[in-house]
Amino acid sequence: MAKNTGSSKFRKVDVDQYDEDRFVDDVTEGGDEGGPNENKYQDALLLVLQNAPIGSKNQAVKDRATNLLVRVLTSFKGDIDQCVKSLDGKNVDMLMKYIYRGFEMPTENSSAVLLTWHQKVFAVGGLGSIMRVMTDRKRV
């Protein structure tokens, strides 16, 4: 026998809240635009660079770290030159490793952003940074 389809449980869902025309973005009330966000992205970049899973043999961990760093680089709002110049030599080389790793796994619009970052990191690290990254056996 057929089941009773007269149930009205489906009618309790408010489908209007999913209408794209009625979408309201959560807007934060505040006058500061850019200041905290710049520091937030720079701190996130520094945190990922300092905690790179170089010694890990788990490729999934390395992929997650790379995806996180590429997401930070693509979301970065601020002066890239100033951010790169504030890094020490070890972190500049680590950033260059992540940039090359990001080129291996391109996502939408990431290649253009990574090229911009590569240009800025190259200006600070020079050819020596590229050589150290290419000859280092420890991969990210």
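Residues numbered from 1 in each chain as written. Predicted model: local features only at pLDDT ≥ 70, side-chain atom pairs only at ≥ 80, totals over all residues. Heavy atoms only, no water.

Per an unreviewed UniProt entry, the chain goes by the name Actin-related protein 2/3 complex subunit 5 and belongs to Elysia crispata. In the Sequence similarities (unreviewed entry) part of its UniProt record, the chain is described as follows: "Belongs to the ARPC5 family." Recorded in UniProt under Subcellular location (unreviewed entry), the annotation for the chain is "Cytoplasm, Cytoskeleton". (UniProt positions renumbered as here; feature names shortened; annotations may be inferred.)

J.: When you look at the packing of helix α4 (residues 89–104) against helix α5 (residues 110–135) in this model, what are you seeing that I'm missing?
T.: Axis angle and axis distance: for two packed helices, these are the angle between their axes and the distance between the axes, and together they describe the pair. For the pair α4 and α5, the least separation of the axes is 8 Å and the interaxial angle reads 125°. With respect to each other, α4 and α5 are oriented oblique. The handedness of the crossing between α4 and α5 comes out as left-handed. Broken down by class, the residue content of the contact of α4 with α5 amounts to 15 nonpolar, five polar and three charged. (Axes fitted to C-alpha atoms, helices over the stretch in contact; angles between N-to-C directions. Helix = DSSP H or I, 4+ residues; strand = E, 2+ residues; numbered from the N terminus. Parallel < 35°, antiparallel > 145°, perpendicular 65-115°, else oblique. Left-handed = near helix turned anticlockwise from the far one by under 90°. Nonpolar A, V, L, I, M, F, W, Y, C, P; charged D, E, K, R; others polar.)

J.: Would you explain the pattern of salt bridges in this entry?
T.: Working definition: two side chains of opposite charge can pair if their charged atoms are close together. With the rule as written, the count across this model stands at six salt bridges. Of the charged contacts in the structure, one is a salt bridge between R139 and E104, with a shortest N-O distance of 3.1 Å. With a gap of 35 residues between them, R139 in the segment after α5 and E104 in helix α4 connect regions that are remote in the sequence. Counted as one network, the salt bridges with shared partners bring together D63, R101, E104 and R139. (Salt bridge = Lys/Arg side-chain N within 4 Å of Asp/Glu carboxyl O.)

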